[in-house]
Amino acid sequence: MKLLSKFDMDNVVKAVAEVSGYPEKGLISSKKHAYVGWVQLGIYAARDMGASIEDASKVFKRLTPTGHVSIKKVAQEVDRGNEEVILLVGRIQDKIRSMREKNNIPVALNDE
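Residues numbered from 1 in each chain as written. Predicted model: local features only at pLDDT ≥ 70, side-chain atom pairs only at ≥ 80, totals over all residues. Heavy atoms only, no water.

### A word on the overall build of the chain
When helices and strands are tallied, the chain shows 6 helices and 0 strands. Seen in sequence order, the chain has helices and strands lined up from the N terminus as α-α-α-α-α-α. The buried share of the chain, reckoned over its 112 residues, is 40%. Roughly 6,500 Å² of accessible area belongs to the chain as shown, and the carbon and sulfur atoms make up 53% of that amount. (Helix = DSSP H or I, 4+ residues; strand = E, 2+ residues; numbered from the N terminus. Buried < 20%, exposed > 50% of the residue type's maximum accessible area, 1.4 Å probe, protein only. Areas by Shrake-Rupley, 256 points an atom, 1.4 Å probe, with all protein chains shown as cover.)

Okay, here's the thing in structure tokens:
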């Protein structure tokens, strides 16, 4: 079973911001094209680590149906072997794990 802690969920946007270079505020509030792909990657990364689609969408202030579409789009790219997308999802997840480790979050909440 994969479990994503509340701490991890609170850091999903921060991780995407660090990897993308875009501000957290923009990722949360903007619907501009420049942000959308990064938000989709963040929702996918959180879901892949064990978050519900609703929770993964909510951290970016998106509706659950938007989360479904985001996950589907990113999953298609992953299935096609899009190396850039796979790499970026991995970097986002690594950032989340790194934040977890820096704060001594219990291993029982690890997604591995």
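### Thoughts on the side chain of Ser30
You can see Ser30 is positioned in the loop between helix H2 (24-29) and helix H3 (33-48). With a relative accessible area of 12%, Ser30 lands in the buried category.

### Focus on the packing of aromatic side chains
This structure, assessed with the given rule, holds 1 aromatic pair. Note on Tyr22 and Tyr35: the rings are 4.8 Å apart at their centroids and 55° apart in plane angle, and the pair reads as tilted. Of the two residues, Tyr22 sits in the loop between helix H1 (6-20) and H2 while Tyr35 sits in helix H3, which places them 13 residues apart along the sequence. Taking relative accessible area as the criterion, Tyr22 reaches 28% and is therefore assigned partly exposed. Since its relative accessible area comes to 14%, Tyr35 is described here as buried. (Phe/Tyr/Trp six-rings, centres within 6.5 Å; stacked < 30°, edge-to-face > 60°.)

### Topic: the nonpolar core
Of all hydrophobic cores here, the largest spans 28 residues; its most connected members are Leu27, Leu41, Phe60, Val89 and Ile92. Contributing elements (two or more residues each) for this core: H1, H3, helix H4 (53-58), helix H5 (64-79) and helix H6 (83-102). Broken down by element, this core gets its largest block of residues, 8 residues, from H3. (Core = buried A, V, L, I, M, F, W, Y, C linked by side-chain atoms within 4.5 Å.)

### A look at the layout of surface pockets
Counted as a void, the largest pocket has a volume near 170 Å³. Around the largest pocket, the lining residues are Gly37, Trp38, Gln40, Leu41, Lys73, Val74, Glu77, Glu84, Val85 and Leu88. Elements supplying a minimum of two residues to the lining of the largest pocket: H3, H5 and H6. Ranked by the residues each element gives to the lining of the largest pocket, the list is headed by H3, at 4 residues. (1 Å grid on protein atoms, 1.4 Å probe; cavity = no way out; pocket = protein on both sides within 12 Å on 5 of 7 lines; lining within 4 Å. Points joined across faces, edges and corners; volume = space filled by probe spheres on them.)

By themselves, these figures tell us nothing about what the structure is for.
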